[in-house]
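What follows is each chain in one-letter form.
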Amino acid sequence: MNHLKTFALMAALTALFVGLGYLIGGTTGMLIALAFAGGMNLFSYWNADKIVLRMYRAIPVDESHPEPLIRNYVADIVQMSADAGLPRPKIAIIPTEQPNAFATGRNPANAAVCATEGLLHALTREEIRGVMAHELAHVKNRDTLTMTVTATVAGAISALANFGLFFGGDRDRPGGMIGTIAMALLAPMAAALVQMAISRGREYEADRVGAEIAGDPQALASALQKIEGWSRRIHNPTAEHNPASAQLFIINPLSGQGADNLFSTHPATANRVRALMEMAGRMGGRRRPLVETPAAPASRSTGVPTTPEARRGPWG
């Protein structure tokens, strides 16, 4: 059902693009704009992962890293990728204090998963596994390609809208200049709403598949609560300067809303946590209390509180 909804929303974006192009410049103008957008889409398809990784100054890491925390992070991703039947992705860390993570790449064979330094210092190992399993779920579901396509089409709609506002469109077409201007103003808003709706739907599905990969829905639920608490307090300057990339992250890195409304790129964290806890119940797992955002002093390296030392189980 989620894939069907995504297809329908992408079809709506395409129809909006075609309609706006025809209204502004007729068939010829629409085809020219479509060719330009196609070229941009092709460039993004082949280079999206490199662009995003360079934008966030991501640092590749592997099993030879001197820090045990990062070695565990790499080992868990390699193990979960194999369990999910995925090729080993590129693994990187991002030098920022805000706890967060994202995945990028055009397909599973060319994917990259990244966690911030803040995330590695703020969460337990089980929670980090849950977060990275969510990102591997995006790779498995090919969500990174879906979001690249929707972003490109939405961007093309905005470009066409600007063109229509500048030239006024064809006065001989239905609606004339006023209709063209109205469409030029409303089309980018409609495209953004569709893009955000697709993003929200993909997050719920990635939570479900990621919880299956990690085998611990409760750990992911706990991680989401912690990340949301810290993301509201710690700014991510790169994301602030590039808001279009916000949809890539597991939690909105910008100052966002707290509910599933039309203008949010991510579902409300409370709704995601509720769905994960229901999933844990169906899996027969023991429901443990979710950990609140700690109020301990910040760590020296990231400004994020360190994970409490009192642990039980195989990780400590």
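Once that is clear, we can look at the packing of helix 2 (residues 68-83) against helix 4 (residues 125-140). Where helix 2 meets helix 4, the axes come as close as 10 Å, and the angle between the chain directions of the two elements is 45 degrees. In terms of orientation, helix 2 and helix 4 fall into the oblique class. Judged by the twist between their axes, the crossing of helix 2 over helix 4 is right-handed. Within the contact between the two elements, helix 2 uses Asn72, Tyr73, Asp76, Ile77, Gln79, Met80 and Ser81 and helix 4 uses Arg125, Ile128, Arg129, Met132, Ala133 and Leu136. Along the lines of polarity and charge, the residues of the contact of helix 2 with helix 4 split into seven nonpolar, three polar and three charged.

Across the protein, the average pLDDT comes to 75, with 58% of residues at 70 or higher. A low-confidence stretch, residues 256-263 (pLDDT under 50), is modelled with 17 contacts involving residues beyond four sequence positions or located in other chains. Confidence over residues 287-316 falls short of pLDDT 50; this stretch has 60 contacts with residues more than four positions distant or in other chains.

This next bit is on unusual backbone geometry. Glycine aside, negative phi is the norm for most residues, and most peptide bonds take the trans geometry. With phi around 55 degrees, Arg57 is a residue other than glycine that occupies positive phi space. Note that Arg57 resides in the loop between helix 1 (2-55) and strand 1 (59-60). Classification of Arg57 by relative accessible area gives exposed; the value is 52%. Its identity is not glycine, yet Arg142 carries a phi of approximately 60 degrees, on the positive side.

Once that is clear, we can look at the nonpolar core. One finds Tyr73, Val131 and Met132 to be the most contacted residues of the largest nonpolar core, which totals 42 residues. The biggest single contributor to this core is helix 4, with seven residues. The residues contacting Met132, other than those within four sequence positions of it, are Tyr73, Ile77, Met80, Ala101, Val113, Cys114 and Ala115. Counting residues in hydrophobic clusters, the runner-up holds 14 residues, among them Val52, Ile94, Ala239 and Leu254.

The next thing to look at is the sheet that holds strand 3 (residues 101-104). Pairing is mixed across the open sheet formed by four strands, whose spatial order is 1-2-4-3. Strand pairing shows two members of the sheet lacking a second neighbour, strand 1 and strand 3, which therefore form its edges. As defined by bridge partners, strand 3 adjoins strand 4 (residues 112-116) across four bridges and the pair is classed as antiparallel. Paired with Thr104 across the bridge in strand 4 is Ala112. Together, strand 2 (90-94) and strand 4 form the strand contacts of helix 2, whose direction differs from that of strand 2 by roughly 145 degrees. Along the sheet, helix 4 makes contact with strand 3 and strand 4, crossing strand 3 at roughly 20 degrees.

The first and last C-alpha atoms of helix 9 (residues 269-283) sit 21 Å apart over 15 residues, in line with the 21 Å expected at 1.5 Å per residue. Along helix 9, the residues that are buried comprise Thr269, Arg272, Val273, Leu276, Met277, Met279 and Ala280. Around the axis of helix 9, the buried residues are gathered within 155 degrees of arc, so they sit on the same side. Within two residues after helix 9, Gly284 carries a phi angle of roughly 80 degrees, on the positive side.

Definitions and cut-offs
Residues numbered from 1 in each chain as written. Predicted model: local features only at pLDDT ≥ 70, side-chain atom pairs only at ≥ 80, totals over all residues. Heavy atoms only, no water. Axes fitted to C-alpha atoms, helices over the stretch in contact; angles between N-to-C directions. Helix = DSSP H or I, 4+ residues; strand = E, 2+ residues; numbered from the N terminus. Parallel < 35°, antiparallel > 145°, perpendicular 65-115°, else oblique. Left-handed = near helix turned anticlockwise from the far one by under 90°. Contact = heavy atoms within 4.5 Å. Nonpolar A, V, L, I, M, F, W, Y, C, P; charged D, E, K, R; others polar. pLDDT = per-residue confidence, 0-100. Buried < 20%, exposed > 50% of the residue type's maximum accessible area, 1.4 Å probe, protein only. Core = buried A, V, L, I, M, F, W, Y, C linked by side-chain atoms within 4.5 Å. Pairing = 2+ DSSP bridges. Expected span 1.5 Å × (residues − 1). Arc of directions from axis to C-beta.

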